[in-house]
Amino acid sequence: MVVDPVRNLAVAGRIPWKKLLVTKSQGRKIMSIMRAETHICDVMIILVLSFFSNPIGKLFYKRFFNRFRDGVDYDDCITKKVTETISEASRLAVVCYFLDTVEVALEVSGIKGRKIDVSKLTAQLIYATWACFKARLYKRSFFETVADHTPQNMMKGKRAMVEMCDKVSDFFLFGVLSLIWIDILKIKRGNGLSSIFALGGAGTLALTLACQDLAKKGLNGLALSASDAFRVGDSILLGDGTSGTVTNMGWLNTEIRGTDELVIKIPNTQLADIRTSNRSRAKFSQVKQYLHFKYDDLDKIPSLVNEIRDEIVASCPKVIKDGSRPFYVKWVDFDRDHVKVLVDCRLRNPPSGEKYYEARQGILEAIARAVRREKIDFALPTEVVFRK
């Protein structure tokens, strides 16, 4: 008699179809265990809180709590945040109840043993992660509230401190969460990890070099938040010519959206060593134009210069005319085919945004009116072509 050798196959014959098919006796056993382990009151309370916390909280607020918060709508009160938290916790409890049911079914069918409570570990991981993210959300809201109640003269430094504290607290929160995960999963340093740590100085050096750039980017991101050079929403101009609106300031990178709607991601290590101009915080701006006129109108240039200046003064209220900033309308140069007039103004507007371009357009319209009154034509650009 020939006996076939025992084969250790990967998948073939490994799927436990008999265990996956629940018999009637197993089904009755699962139901009896669930009836013994669960309570109808628990299930009903969890379901009610999962789907009806918001209406219940709104009813309680209108009947009882509203008298203590005059003029505060339910959507803006603390009661709504509490009910939302209760609702989220209850829905997670429903998920955990479902996992308990699945674990009981797997134990009865023989697929899973009873040494490890998978559903209990999963519930602990779910609630620990949820609590971490809720704490992060409330922490951010708390920091923003502190910034909103900060006096105006302290707002600049306070905003930078809020951003820095938010990022540092995020780091510690996720660090604590990772430690909780390790404790729940009871991860121990076995032979595999011991051999990794036993690599000694060479392994430590390799890990340090690999994380050097990452740590540098993170520290530079923290330094950017502390320096308050710019914030999300500011329009900035970098020393390399990059300009746009800051859309995100992360630990490692900062995102800038240009006027062409393309988002540029710049490493924080580069931003730490580059010149930055924050156009959103500038109080003044400049409009500078070189006007070209024909030599045929040379005698009219002096009166034209005075006319342009008077027209700008009369029709452009945003132009600074008190002498605290430069305001020039001057005949400045002779060129090959035209004379050149400089118009250089300073505005009480930041150098970006709709108000700036409205003021700029007003200056150009004033120049056009003055030139039209003097009946002078602009010199068109010419080009000399030599033919052999």
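Read on for an overview of the structure. (Residues numbered from 1 in each chain as written. Predicted model: local features only at pLDDT ≥ 70, side-chain atom pairs only at ≥ 80, totals over all residues. Heavy atoms only, no water.)

## Concerning the packing of aromatic side chains
All chains considered together, the criterion is met by six aromatic pairs. Ring centres 5.2 Å apart and planes at 20 degrees place the aromatic pair F293 and F378 in the stacked group. Taken together, the positions of F293 in strand β6 (residues 285-293) and F378 in the segment after α11 (354-373) put the pair 85 residues apart, joining distant regions of the chain. Judged by its relative accessible area of 0%, F293 falls in the buried class. Of the residues examined, F378 reaches a relative accessible area of 37% and is grouped as partly exposed. Considering the side-chain rings of Y295 and F334, the 6.2 Å spacing of their centres and the 5 degrees angle between planes classify their relative orientation as stacked. Of this pair, Y295 sits in the loop between β6 and α10 (301-315) while F334 sits in strand β7 (residues 328-334), placing them 39 residues apart in sequence. (Phe/Tyr/Trp six-rings, centres within 6.5 Å; stacked < 30°, edge-to-face > 60°. Helix = DSSP H or I, 4+ residues; strand = E, 2+ residues; numbered from the N terminus. Buried < 20%, exposed > 50% of the residue type's maximum accessible area, 1.4 Å probe, protein only.)

## A closer look at the nonpolar core
Core analysis: the largest hydrophobic core is formed by 25 residues, its most contacted members being F293, I308, I312, V319, V343, I363 and I367. When contributions to this core are tallied by element, the ones reaching two or more residues are β6, α10, β8 (339-347) and α11. (Core = buried A, V, L, I, M, F, W, Y, C linked by side-chain atoms within 4.5 Å.)

## A few points about the pairing of strand β2 (residues 243-249)
For strand β1 (residues 235-238) and β2, the ladder comprises three bridges, and the chain directions are antiparallel. In the strand pairing of β2, L237 is matched with S243. Count of turn residues in the β1/β2 antiparallel hairpin: four residues, of which G241 carries a positive phi of about 100 degrees. Sheet analysis places β2 next to strand β3 (residues 253-257), joined by four bridges and oriented antiparallel. (Pairing = 2+ DSSP bridges.)

## With respect to the environment of I266
If you trace the backbone, I266 turns up in strand β4 (residues 263-267). Expressed as a C-alpha distance, the spacing of I266 and N253, which sit 13 residues apart in the sequence, is 5.5 Å. Apart from the residues lying within four places of it in its own chain, the contact partners of I266 are L238, T242, N253, T254, I256 and L271. (Contact = heavy atoms within 4.5 Å.)

## Let's talk about the pattern of salt bridges
This model, assessed by the stated rule, comprises eight salt bridges. Between E261 and R257 there is a salt bridge, and its shortest N-O distance comes to 3.6 Å. Judged by relative accessible area, which is 30%, R257 ranks as partly exposed. Linking D344 and R346 is a salt bridge whose minimum nitrogen-to-oxygen distance equals 2.7 Å. Accessibility expressed as a relative area gives 6% for D344, which makes it buried. Here R346 falls in the buried class, since its relative accessible area comes to 17%. Each of E307, E311, R369 and R373 takes part in one network of salt bridges that share partners. (Salt bridge = Lys/Arg side-chain N within 4 Å of Asp/Glu carboxyl O.)

## Description of α11
For α11, with 20 residues, the first-to-last C-alpha span of 29 Å sits near the 28 Å given by 1.5 Å per residue. On the buried face of α11, the contacting elements are β6, α10 and β8. Looking at the residues trailing α11, positive phi occurs at K375, about 55 degrees. (Expected span 1.5 Å × (residues − 1).)

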